[in-house]
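This is what each chain is made of:
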Amino acid sequence: MSSHREAPEIAKDPVADSSDLYAFVSPDRPDTVTLIANYVPLQLPSGGPNFFEFGDDVQYDINIDNDGDGRPDIVYRFEFTTEITNPNSFLYNTGPIDSLDSENWNRRQFYSLTRIADGREHRLAHKLPCPPCNVGPLSTPNYTDLVRQATYSLSTGERVFAGQRADGFFVDLGAVFDLGTLRPFQQLHVAGRKVFRAEGEPVNATDRMNVHSIALQVPLGKVRRRANRYGVADQASVIGVWTSAARRQARVIGGEPGRGVAAGPFVQVSRLGNPLFNEVIVPMSQKDLWNSLPPTEDKRFAQFVEQPELAALLPALYPGVFGNLDRLNKAKTARADLVAILLTGVPAGLIDGFTNATGDVQADMLRLNTAIPPSRRPDRFGVLGGDLAGFPNGRRPVDDVVTIALRAIAGLTVPLVDRTFRPDAAAAAVTPGLSAADVTAGFLPAFPYLGTPYDGFNNPPAAR
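J.: Help me understand the sheet that holds strand β8 (residues 159–166) in this model?
T.: By definition, the strands of a sheet pair up through backbone hydrogen bonds, in either a parallel or an antiparallel sense. With antiparallel pairing, the 5 strands of this open sheet are ordered in space as β1-β2-β11-β8-β7. Looking at which strands have only one partner, the edges of the open sheet turn out to be β1 (18–25) and β7 (152–153). Of the pairings in the sheet, the one linking strand β2 (residues 32–43) to strand β11 (residues 210–219) comprises 9 bridges and is antiparallel in character. Across the sheet, the residue bridging to Asn-38 is Ser-213, located in β11.

Spelled out as structure tokens, the structure:
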């Protein structure tokens with residue numbers, strides 16, 4: 001999965017687990033950039049009586065680097081508090097919730113938003129209410145209206161939403177982690193013969209599950225830097241984005257049940273930039289360490305980008321299909337193409353009309369060239385499909401990041417840095433076989449873009 005339960009320790013702490021990150025120039029407001037960070041993954045819709053929520057003891061940050069040093073120049077910080085209106089009821093709600101101040105809603109969550117830039121903190125909003133979870137047709141009869149009420153346009157120009165959404169990530173998890181058994185790819189005839197045969201159709205493992213999203217829309221002028229540091233005409237328009245979650249260094253549990261004392265500074269426990277980085281690049285023994293480090297330390301992990309384990313696995317799983325990739329692996333050739341995509345950005349001159357390079361600092365960030373306008377007809381394969389507004393130029397919800405990553409690892413992007421390399425024919429065909437059409441909830445054309453969360457009454461569908 002993109003970053004759902006990707007490390008042993010964070011798998012035990014879902015409220016601090018960043019599962020997906022999106023960064024794109026807003027298609028309906030191209031003078032803004034939209035940043036979405038998802039947390040609390042793998043929510044079953046029928047979550048009562050204790051429905052899902054953000055952590056009151058977690059500090060959630062969306063970090064923006066606009067000068068290429070891998071350090072945050074701008075931070076948008078979200079901090080949450082929860083209030084119970086009726087301490088004598090076990091119910092989440094005692095009747096329909098038709099507004100954010102409904103007396104029927106017993107457990108409400110609020111948040112403050114702070115912008116940190118130039119060493120100064122500016123509180124943008126205080127005690128903004130989140131919407132409730134989507135309980136069902138009787139409890140939340142008009143959920144889209146509750147989301148509208150919980151979407152705020154701030155006087156400083158930002159637009160913000162925090163609350164439950166449908167998980168928009170799509171992956172055939174059972175196939176990918178069964179040693180890369182890619183069902184539709186195994187049905188292909190490659191080099192005149194059938195590779196293997198796998199039973200069944202691809203299954204979207206995250207469909208009909210929810211997440212909690214922090215969605216932020218920011219005017220472009222508030223994220224770009226003022227000066228051009230690298231001498232490239234559009235370089236000042238490139239930003240790096242990652243999300244992180246932090247907890248207090250110590251917590252003493254005692255006294256009244258459910259309460260304790262938190263002490264010490266905040267310590268980072270989770271982060272996410274590019275999808276799948278910690279999931280399939282970082283070795284198991286270092287995943288928890290990676291989650292605790294800033295992007296400036298990612299040079300420690302460059303060796304795993306240069307020689308990814310999955311690149312060696314593909315020729316072993318599909319003998320004779322990835323011959324060119326196999327020879328590249330055995331030559332111990334460092335994958336400069338993957339380093340550019342994941343750690344430094346793609347420099348000018350490799351792809352016509354495109355760059356999202358941020359300099360020499362190796363750091364895992366979603367790099368977005370905000371000077372590239374949104375596509376009228378987005379291609380699910382992003383830059384690999386000729387759509388320069390898609391992944392790895394930022395990431396949109398519709399981007400098929402699993403297929404893009406697999407094809408890059410399979411060698412499709414090597415010619416960017418080595419014109420003599422010829423990718424195997426299979427490199428352009430490998431795929432888990434899913435797309436945005438396999439997300440039942442569907443995406444929205446406007447902010448907050450991720451679909452309406454699945455309710456517990458109708459999901460899974462009742463037997464007919």
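J.: Looking at this structure, how should I read the side chain of Ser-435?
T.: Within the secondary structure layout, Ser-435 lies in the segment after α10 (401–412). Beyond its immediate chain neighbours, meaning those up to four positions away, Ser-435 contacts Phe-170 and Arg-380.

J.: What should I look at first to understand unusual backbone geometry in this one?
T.: With the exception of glycine, the majority of residues adopt a negative phi angle, and the majority of peptide bonds are in the trans configuration. Cis geometry marks the peptide bond from Phe-391 to Pro-392, where omega comes out at 10°. With respect to the helices and strands, Pro-392 occurs in the loop between β14 (366–369) and α10. For Leu-42, which is not glycine, the phi torsion reads 60° and is therefore positive. A relative accessible area of 26% means that Leu-42 is categorised as partly exposed. At Lys-332, a position not held by glycine, the phi torsion is positive, near 60°. Among the secondary structure elements, Lys-332 is positioned in the loop between α8 (323–330) and α9 (336–344). For Lys-332, a relative accessible area of 63% corresponds to the exposed category.

J.: What should I look at first to understand α10 in this one?
T.: Since there are 3.6 residues in each turn of an α-helix, residues three or four apart along the chain are aligned in direction. Across its 12 residues, α10 extends only 14 Å between first and last C-alpha, which sits more than 12% below the 16 Å expected from 1.5 Å per residue. Counting buried residues in α10 gives 10 out of 12 residues, a clear majority hidden from the surface. Listed as buried for α10 are Val-401, Val-402, Thr-403, Ile-404, Leu-406, Arg-407, Ala-408, Ile-409, Ala-410 and Gly-411. Lining the buried residues of α10 we find α7 (309–317), α8 and α9.

J.: How should α9 be read in this particular structure?
T.: Judged by how many residues are buried, α9 sits mostly within the fold: 8 of 9 residues are covered. Summarising the contacts, the buried residues of α9 are in contact with α4 (277–280), α6 (302–306), β14 and α10. Just downstream of α9, Gly-345 is the residue with a positive phi angle, here 90°.

J.: Explain the environment of Val-218 here, please?
T.: Along the chain, Val-218 falls in strand β11. A relative accessible area of 0% places Val-218 in the buried class. The spatial distance from the C-alpha of Val-218 to the C-alpha of Leu-35 is 8.1 Å, given a sequence separation of 183 residues. Setting aside residues up to four positions removed in sequence, Val-218 forms contacts with Asp-31, Thr-32, Val-33, Tyr-76, Glu-158 and Val-223.

J.: Explain the confidence of the model for the protein chain here, please?
T.: In low-pLDDT regions, the fine details of the predicted coordinates are not to be read closely. Of the residues in the protein chain, 89% have a pLDDT of 70 or more, and the chain-wide mean is 90. Low confidence marks residues 230–235, where pLDDT is under 50. Its contacts with residues over four positions away, or in another chain, come to 14 contacts.

J.: Could you clarify how one ought to interpret the packing of α7 against α8 in this entry?
T.: The axes of two packed helices give the description: the angle between them and the distance between them. Relative to each other, α7 and α8 sit at 135°, their axes nearing to 9 Å. With respect to their mutual orientation, α7 and α8 come out oblique. Crossing of α7 against α8: the hand is left-handed. Contact residues: α7 offers Ala-311, Ala-312, Leu-314 and Pro-315, while α8 offers Leu-325, Asp-326 and Asn-329. Grouping the constituent residues of the contact of α7 with α8 by class yields 5 nonpolar, 1 polar and 1 charged.

J.: Honestly, the nonpolar core in this entry has me stumped. Any pointers?
T.: Proteins that are soluble and globular tend to have nonpolar side chains buried together. Counting residues in hydrophobic clusters, the biggest one holds 107 residues, and the most contacted among them are Tyr-60, Tyr-76, Phe-78, Phe-80, Tyr-111, Leu-113 and Val-160. Counting residues per element, this core draws most heavily on α10, at 7 residues. Among residues more than four places away in sequence, those in contact with Val-160 are Phe-78, Tyr-111, Leu-113, Leu-128, Ala-150, Thr-151, Tyr-152, Leu-154, Ala-215, Leu-216 and Phe-447.

Calculation criteria
Residues numbered from 1 in each chain as written. Predicted model: local features only at pLDDT ≥ 70, side-chain atom pairs only at ≥ 80, totals over all residues. Heavy atoms only, no water. Pairing = 2+ DSSP bridges. Helix = DSSP H or I, 4+ residues; strand = E, 2+ residues; numbered from the N terminus. Contact = heavy atoms within 4.5 Å. Buried < 20%, exposed > 50% of the residue type's maximum accessible area, 1.4 Å probe, protein only. Expected span 1.5 Å × (residues − 1). pLDDT = per-residue confidence, 0-100. Axes fitted to C-alpha atoms, helices over the stretch in contact; angles between N-to-C directions. Parallel < 35°, antiparallel > 145°, perpendicular 65-115°, else oblique. Left-handed = near helix turned anticlockwise from the far one by under 90°. Nonpolar A, V, L, I, M, F, W, Y, C, P; charged D, E, K, R; others polar. Core = buried A, V, L, I, M, F, W, Y, C linked by side-chain atoms within 4.5 Å.

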